[in-house]
Amino acid sequence: MEAIEVVVIGAGQAGAATSHELSERGVEHVVLEAERPGFSWSQRWDSFTLVTPNHAIRLPGGTYVGDDPHGYLPRYEIEEHIRTYAAGLAAEVRSGTRVDRLRPAEAGGYLLDTAEGAIAARSVVVATGAYQRPHHPAAIAALPPGLEVVDSIDYRRPADLPDGAVLVVGGGQSACQIAEELALSGREVIMACGRAPWFYRRLEGRDIFDWLADAGFLDEGPEALPTPAARLGANLQATGTRGGHDLTYRTLDQLGVRLGGHLVADAGGSPRLAPDLEEILAFCDMVHGMLRNELLEWCATSGRPALDIPPASAFQPEPVRDLDLRALGAVIVAAGYRSRYTEWIEMPGIVDEFGFPVHADGESTVAPGIHFVGVHLLRTRKSSLLLGVGDDAARTAERIAASLRAPAA
């Protein structure tokens, strides 16, 4: 059995950043990657781009240095950036090495089972991505057999879908971006809307993510959320395509996308759109108002002139009431993701009821020596973003280095 003191699982932005920070502290380690560095970005649809500006790519030792800092990289350039970054790491990166099982070792430490054999490790960093398993609302199972159902991770382009109207299930970034692309391609689009915050792409000519970063919003931790379940909520509706522009239920309505409530199954088991579009839109506008107030309060406390932020305008579109399943050619499911840690990590209590790691500063509280990086809202709102994953990587690397320096008990 191979013995490696520290193993990093995953060579995306989180794993690669952690590897960089471990090497900076003189910690020898190996990175195991199931596919190739940056592979997950290549699995997005053809027109996918970042929703944060390019200058927010702030990996340690791998920041963006191109000539379009305020643009939004397309997926193939994101993958190339991470692949190049990983190629410059000091540690060994073993591509094509999937970890099938992680479990405690009888003698202490942990065992990682791979197709190439087992590895014994004292510390393990799990950096397998923030979005792992597409979430299907229960009503998806009630859709008629033969109707093509495509997860957003498997969607590539409008021309791949069968003829007919397209039902998009969800309300976050992916759902809105795909609905917009389909509408612009001439397809009839219906949205089974979900609750998602929205805001303006730019204020005073500056990207909203820059304002949120300056205001400290992205540094807030999960304790700022109303409930633990809110971690499963959608991210801010946004897009970087065509130079970046407002993308909300309002803009989609203007494009001709027909909006309805969320997808449910009635008492007889038939899928339908719930009559709750008004409540959904009210929630979205409420979060918009909260963000607006937070930015204006920051302006006041920081002494800068108040930003000109228009309040939400009146918006009462006629909801789709009758869902004609016979007219649908396909259904795109973009209803968020859930973790899959328990499918391969054999440690009871490793995650909470929502699938998030139970941790203290990134280290598991039930399995000391197991660390998590790149998880949505692990430490802050930017924990899984190219903007903030480097901060989490540094803290985890320092924690591991300190544990290796500590005398054995």
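Up top is the structure.
Scoring rules and cut-offs
Residues numbered from 1 in each chain as written. Predicted model: local features only at pLDDT ≥ 70, side-chain atom pairs only at ≥ 80, totals over all residues. Heavy atoms only, no water. Helix = DSSP H or I, 4+ residues; strand = E, 2+ residues; numbered from the N terminus. Buried < 20%, exposed > 50% of the residue type's maximum accessible area, 1.4 Å probe, protein only. Contact = heavy atoms within 4.5 Å. Pairing = 2+ DSSP bridges. Expected span 1.5 Å × (residues − 1). Arc of directions from axis to C-beta. Salt bridge = Lys/Arg side-chain N within 4 Å of Asp/Glu carboxyl O. Axes fitted to C-alpha atoms, helices over the stretch in contact; angles between N-to-C directions. Parallel < 35°, antiparallel > 145°, perpendicular 65-115°, else oblique. Left-handed = near helix turned anticlockwise from the far one by under 90°. Nonpolar A, V, L, I, M, F, W, Y, C, P; charged D, E, K, R; others polar.

Trainee: Please give an account of the side chain of Arg250 that cites residues and values.
Mentor: Turning to its location among the elements, Arg250 is positioned in helix H6 (residues 249–254). Its relative accessible area of 13% is what places Arg250 among the buried residues. When neighbours within four sequence positions are excluded, Arg250 is seen to be in contact with Trp198, Asp285, Ala312, Ser313, Ala314 and Phe315.

Trainee: Explain the sheet that holds strand S1 (residues 2–3) residue by residue, including any values.
Mentor: If you trace the 4 strands from one edge of the open sheet to the other, you get S1-S9-S8-S7, paired in mixed fashion. Of all the strands in the sheet, the pair left with one neighbour each is S1 and strand S7 (99–104). Where S7 and strand S8 (residues 110–114) come together, 5 bridges link them in antiparallel fashion. In the sheet register, Arg101 faces S8, and the bridge partner there is Asp113.

Trainee: Tell me about helix H3 (residues 75–87), and please be specific about residues and values.
Mentor: Taking 1.5 Å of rise per residue, 13 residues should cover 18 Å, and H3 covers 18 Å from first to last C-alpha, within 8% of that figure. All of the buried residues along H3 are Arg75, Ile78, Glu79, His81, Ile82, Tyr85 and Ala86. Each buried residue of H3 lies within a common arc of 160° when the element is viewed along its axis, so the set occupies one face. For H3, the exposed residues lying more than 90 degrees away from the buried face are Tyr76 and Ala87. Lining the buried residues of H3 we find helix H1 (13–24), helix H2 (39–42), strand S4 (58–59), strand S5 (62–63) and strand S6 (92–95).

Trainee: Any chance you could break down unusual backbone geometry for me, citing the residues and the numbers?
Mentor: A positive phi angle, close to 55°, is found at Glu204, a residue other than glycine. By the secondary structure assignment, Glu204 is in the loop between strand S15 (202–203) and strand S16 (206–207). Overall, Glu204 belongs to the exposed group, its relative accessible area being 53%. In this model, Asp361 sits at a positive phi of 55°, which is unusual for a non-glycine residue. For Asp361, the location among the structural elements is in the loop between strand S22 (359–360) and strand S23 (363–364).

Trainee: Any chance you could break down the pattern of salt bridges for me, citing the residues and the numbers?
Mentor: A complete count under the given rule lists 35 salt bridges for this structure. Arg122 is paired through a salt bridge with Glu5; the nearest N and O atoms lie 3.4 Å apart. A residue pair is termed long-range when its members are at least 10 positions apart, and Arg122 in the loop between strand S9 (117–121) and strand S10 (123–126) and Glu5 in the loop between S1 and strand S2 (6–9) qualify at 117 residues. Given the relative accessible area of 43%, Glu5 is considered partly exposed. The closest approach of N and O atoms between Asp392 and Arg379, which form a salt bridge, is 3.5 Å. Taken together, the residues Asp392 in helix H8 (residues 389–405) and Arg379 in the loop between strand S24 (370–372) and H8 connect sequence positions 13 residues apart. Each member of the pair Asp392 and Arg379 is classed as buried.

Trainee: Just give me the short version of H8, but keep the residues and values in it.
Mentor: In this model H8 runs 24 Å from its N-terminal to its C-terminal C-alpha over 17 residues, within 8% of the 24 Å that 1.5 Å per residue would give. Burial in H8 covers these residues: Val389, Gly390, Asp392, Ala393, Ala394, Thr396, Ala397, Ile400 and Ala401.

Trainee: Can you lay out the packing of H1 against H8 for me, pointing to particular residues and giving the numbers?
Mentor: Interaxial distance between H1 and H8 falls to 8 Å at its minimum, and their mutual angle equals 45°. Of the possible angle classes, the one that applies to H1 and H8 is oblique. For the crossing formed where H1 meets H8, the hand is right-handed. Judged by residue contacts, Gln13, Ala14, Ala17, Thr18, Glu21 and Leu22 of H1 engage Val389, Gly390, Ala393, Ala394, Ala397 and Ile400 from H8. Here the residues of the contact of H1 with H8 sort into 8 nonpolar, 3 polar and 1 charged.

Remember that the coordinates give geometry; whether it matters functionally is a separate question.
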